[in-house]
Structure formats: structure tokens, C-alpha cells
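# Tertiary structure, described
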Amino acid sequence: MSEITYQYIRDYLMAIEPDDNMIIRKIRNEALNNNVPIIKSEVKNLLRFLLATKRPSRILEIGTAVGYSSIIMSDFITTNGKIITIERSEDMIKNAKENIKKAQKEHIITLLEGDAGNILSTLEDEFDVIFMDAAKGQYLTFLPECLRLLKTGGLLICDNVLQNGTVAKSRFSVPRRQRTIHNRMREYLWQLNHNKNLQTSILPIADGVTLSYKK
Ligand SMILES: C[S@@+](CC[C@H](N)C(=O)[O-])C[C@H]1O[C@@H](n2cnc3c(N)ncnc32)[C@H](O)[C@@H]1O
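Residues numbered from 1 in each chain as written. Predicted model: local features only at pLDDT ≥ 70, side-chain atom pairs only at ≥ 80, totals over all residues. Heavy atoms only, no water.

If you check an unreviewed UniProt entry, the protein appears there as tRNA 5-hydroxyuridine methyltransferase from Vallitalea longa. According to its UniProt record, the protein has this under Sequence similarities (unreviewed entry): "Belongs to the class I-like SAM-binding methyltransferase superfamily. Cation-dependent O-methyltransferase family." In its Subunit (unreviewed entry) section, the UniProt entry covering the protein states "Homodimer." (UniProt positions renumbered as here; feature names shortened; annotations may be inferred.)

Printed below as a string of C-alpha cells:
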């Protein structure tokens, strides 16, 4: 059982899910076999629901891994729309490129290679949706750039914000080496909730997901 959700409920919800197409299933299975951390099923479904209602033309993703979530999101982009996704790991970049090609999404998804800490400040166009799924300790640092790049009426979605529930526990109960990240994530969630330009909901699903609407 995860600290946030009950395994039997997750199992049941997964059992009644419609099948994904073969390419998506293959990318997911390969990722799981290679211990690549991709979005969980609940997050996949949430993204699909949100993007189906929003129909964005431009999405920014921070943390491509092997391209799984980008490929999922690409089904909901408007004609001529684009996804920009950022990844710094060379191994991930290689696999992501192959997967994006196999899924025939090269005309929609552009992979920017390098550290988001350097790349974000070079981006100029605004986005309808930003999906933050990179190193958790950096969310706080990336927030000002994300807010600059998010359109009014846009949606900022962040994954893994509850860190298996530890974020909700006292800092003294987490190992010393994890305290900095614990502090930073708490500060991040506080800022999302108290930013007057955002309307935020923190969902205790998967490993914790935030949804913030830019007013
Ligand atoms: C959780 S995985 C992303 C999973 C992906 N969104 C999916 O669900 O298919 C996080 C990825 O972010 C990348 N990453 C972490 N920090 C980063 C940074 N500062 N700049 C670019 N990539 C980063 C990691 O290398 C890793 O591949």
C-alpha cells in the first residue's frame, strides 16, 4: 500500500481502464522494466481528462524521460499545436527520440536537450499547459519561470508533490538527507496555494498532483 492511496482501489481502477494502443503499452512496459519513473495510470487519466477539456495548442513539459507522457498528451493538442519537452539525461533523450519517432509524433513534440534550469529562461512563447515532472527539489526554483511562461487561463500541473506522503509528515520524521527536499516541497506547495494569481488544488492521487489555474 502506498502512503497516499490504497492499492486495492488502484488495482480496481486499473482493471476497469480501457486498453491503450500498442505503442503506448510497449513504451510503458519498457519503461517499467527499466525502472524509468513515468506517470502512473491515475495521472495519465487525469492529464487526458484535463487536456480533452482544455484542448491546448502549446504544452511545455519539464522532464521527458522516455517520452511517455509527451506522447500521451500529444493526442489532445490542436491542429498545428506543439509540445516542447525538456530532458537532461542522455540515455533518456536517446530513448525518448526513438519512442517519439515510433509513435509518429515528431511533428508535434520537440525535445530540448539540457537542464531545464538553463533552458527555461531562454523560452519566450507562452504555453496553455505546463506539466512539471522533473527533479522534485527544483520545482521551487522553476516556479517563477513557469509562471512567466504560462498564459493567463493556463494550467500548471505538477506530479509527485507528496513524495509518498512524507511531505505531510514532520521534518523530524524524515531522514536528515531528505530534509532539504522536504522543506522545498512544502514551501513549493505553500507558494502554489498562496499565490494570488493562482487557483490551486492539491490532489492526493498517485504520488500527489497539483493543478494550478492562472487567473
Ligand atoms: C519522473 S521522470 C519524467 C517522466 C515523464 N514525464 C513521463 O511520465 O513519461 C523525470 C525526468 O526529469 C528529468 N529531469 C530531472 N531534472 C531535470 C532538469 N533540471 N532538467 C531536465 N530534465 C530533468 C530526469 O532526467 C527524468 O528523466
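Following the structure, the description resumes.
### Some details on the nonpolar core
Leu47, Ile59, Tyr68, Ile71, Met73, Ile83 and Ile157 are the most contacted members of the largest nonpolar core, which totals 32 residues. Elements with a minimum of two residues in this core: α2 (22-33), α3 (41-54), α4 (68-74), β4 (127-132), β5 (150-159) and β7 (209-214). The element contributing the most residues to this core is α3, with five residues. Other than its neighbours up to four places away in sequence, tyrosine 68 contacts Asp20, Ile24, Ile27, Arg28, Ile38, Ile39 and Lys44. Counting residues in each nonpolar core, the second largest holds 30 residues, with Ile62, Leu156, Cys158 and Leu189 among its members. (Core = buried A, V, L, I, M, F, W, Y, C linked by side-chain atoms within 4.5 Å. Buried < 20%, exposed > 50% of the residue type's maximum accessible area, 1.4 Å probe, protein only. Helix = DSSP H or I, 4+ residues; strand = E, 2+ residues; numbered from the N terminus. Contact = heavy atoms within 4.5 Å.)

### Quick look at the pairing of strand β6 (residues 198-203)
Sheet analysis places β6 next to β7, joined by six bridges and oriented antiparallel. Each bridged residue has a counterpart across the sheet, and for isoleucine 202 the counterpart in β7 is threonine 210. In this antiparallel pair of consecutive strands, β6 and β7, the connection spans five residues, and alanine 206 shows a positive phi of 50°. (Pairing = 2+ DSSP bridges.)

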